[in-house]
Amino acid sequence: MTLASFPRSLIRCLALGASAGLALAACASTQSTASSDAALAASRWELTSWTGHTVPHGDNGEPVILNFSQENGKGRVSGRAGCNQFSAPYSVRGPGQLTIGEAVTTRMACPEPAMQFEADFLDKLQAVDQYKIAGQQLEMKTLDGQTLSFHAREKPGAAAKIKFVYVASQKVPCSAGVMRTTCLQIRERKEDPWQLWYGNIQGFNFEPGIAYRLRILEEQVANPPADASSIKWTLDMVVEQEVVKK
């Protein structure tokens, strides 16, 4: 293995250690912290369970989302806390050790219990002490012994919007240009009429006879082909599904 095959940060750490007599363990710690930051930042994390709390996810409120990122070499975690958007500093102190600072939020008022849930959640983030990532799951442990569980979601572009749509249990004939095909029927509210959706929903596998409610990510497509949509939908979560009897 050549020196060029080592990460630059490790080469720099080794050089500093040789000149200052630092232990190689410090270099390993630096690499471990960087890997931990990368793992946290690789996905959006949606709160799925928290003992003693009803977690918002769709019908009972907007999902609670965490986005970890590095800004000018400093960690920031941001997202939605149930009502408002928030941002807070964070640091990985070592393997499995996490500290989240006091959050700043937007100032939108929401009906209860959303406001109380948000206040409790942001307060509990400051008590986070340990974390563990296993596959698509993130668990945070607090100093008072509570566990907050999160699931990894796709990390869209910054301009992506979250939408909820109902999908009918049957496709119907439609025309896509000169081609005859079948299209999904969608609507955003139960009382709305069904509308045809000519495009795909990436990651969604439709099964006839099942009605769905989906949470999707909507993004604008720059310079789409002439026969393609300027809107891209990606499945974020199947909120509910139900077999429809004929």
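To be clear, the structure that these remarks concern was listed above.
Below you will find a few notes about this structure. (Residues numbered from 1 in each chain as written. Predicted model: local features only at pLDDT ≥ 70, side-chain atom pairs only at ≥ 80, totals over all residues. Heavy atoms only, no water.)

On to the overall build of the protein chain. Scanning the protein chain from terminus to terminus reveals three helices and 16 strands. Counting only residues that meet the buried cut, the protein chain has 36% of its 246 residues in that class. Residue pairs at least 24 apart in sequence account for 50% of intrachain contacts in the protein chain once pairs closer than 6 positions are excluded. Only carbon and sulfur atoms are counted for the fraction: they give 53% of the accessible area of the protein chain, which is about 14,500 Å². (Helix = DSSP H or I, 4+ residues; strand = E, 2+ residues; numbered from the N terminus. Buried < 20%, exposed > 50% of the residue type's maximum accessible area, 1.4 Å probe, protein only. Contact = heavy atoms within 4.5 Å. Areas by Shrake-Rupley, 256 points an atom, 1.4 Å probe, with all protein chains shown as cover.)

Attention now goes to unusual backbone geometry. For the peptide bond that leads from Glu 112 to Pro 113, omega is 10 degrees, which places it in the cis range. Here Pro 113 shows up in the loop between strand E6 (104–105) and helix H3 (114–125).

Counting residues in hydrophobic clusters, the biggest one holds 27 residues, and the most contacted among them are Leu 47, Leu 66, Leu 98, Phe 121, Leu 125, Met 140 and Phe 150. Contributions of two or more residues to this core are made by strand E1 (44–50), strand E2 (65–71), strand E4 (85–94), strand E5 (97–100), H3, strand E7 (128–134), strand E8 (137–142) and strand E9 (147–153). Non-local contacts of Phe 121, meaning those with residues more than four positions away in its chain, are made with Leu 47, Trp 50, Val 64, Leu 66, Ala 81, Leu 148 and Phe 150. Residues Val 165, Val 167, Ile 216 and Leu 235 belong to the second largest nonpolar core, which totals 14 residues. (Core = buried A, V, L, I, M, F, W, Y, C linked by side-chain atoms within 4.5 Å.)

Each disulfide is one covalent bond, formed between the sulfur atoms of two cysteines. Across all of its chains, the model carries two disulfides by this definition. Across the disulfide, Cys 83 is cross-linked to Cys 110 (sulfur-sulfur distance 1.9 Å). Taking the torsion about the S-S bond as the criterion, the Cys 83 to Cys 110 disulfide, at about 85 degrees, is right-handed. With a gap of 27 residues between them, Cys 83 in the loop between strand E3 (74–80) and E4 and Cys 110 in the loop between E6 and H3 connect regions that are remote in the sequence. Of the residues examined, Cys 83 reaches a relative accessible area of 2% and is grouped as buried. Residue Cys 174 pairs covalently with Cys 183 via a disulfide, S to S 2.0 Å. Classification of the bridge connecting Cys 174 and Cys 183 rests on its S-S torsion, roughly 80 degrees, and on that basis the disulfide is right-handed. Residues Cys 174 and Cys 183 agree in their burial class; the two are buried. (Disulfide = S-S within 2.5 Å.)

The next thing to look at is the pairing of strand E15 (residues 210–220). Along E15, nine of the eleven residues are buried, which leaves the element largely enclosed by surrounding structure. Looking at chain direction, strand E10 (residues 161–167) and E15 are connected through seven bridges and run antiparallel. Looking at the pairing, Lys 163 lines up with Ile 216 of E15. Bridging between E15 and strand E16 (residues 231–243) involves eleven bridges; their strand directions are antiparallel. Its bridge partner being in E16, Ala 211 is matched across the sheet by Glu 242. (Pairing = 2+ DSSP bridges.)

Along the polypeptide, Arg 187 turns up in strand E12 (residues 179–187). Buried charge without a salt bridge: Arg 187, with Asp 192 as the nearest opposite-charge side chain at an N-O distance of 7.1 Å. Separated by 3.3 Å, the side chain of Arg 187 and the backbone oxygen of Lys 190 make a polar contact. A distance of 3.0 Å separates a polar atom in the side chain of Arg 187 from the backbone oxygen of Asp 192. Excluding residues that lie within four positions of it along the chain, Arg 187 makes contacts with Val 165, Tyr 166, Asp 192, Pro 193 and Trp 194. (Lys, Arg positive; Asp, Glu negative; His and termini not counted. Salt bridge = Lys/Arg side-chain N within 4 Å of Asp/Glu carboxyl O. Polar contact = N/O pair within 3.5 Å; in protein donor to acceptor, adjacent residues only side chain to side chain.)

What follows concerns the side chain of Lys 163. Tracing the chain through its elements places Lys 163 in strand E10. Engagement of the side chain of Lys 163 in a polar contact is seen with the side chain of Glu 188, the distance being 2.9 Å. Among the polar contacts listed, one links the side chain of Lys 163 to the side chain of Glu 218, at a separation of 3.4 Å. Discounting residues that sit within four places of it in the chain, Lys 163 has contacts with Glu 188, Leu 214, Arg 215, Ile 216, Glu 218 and Trp 233.

Distances and angles like these do not, on their own, reveal function.
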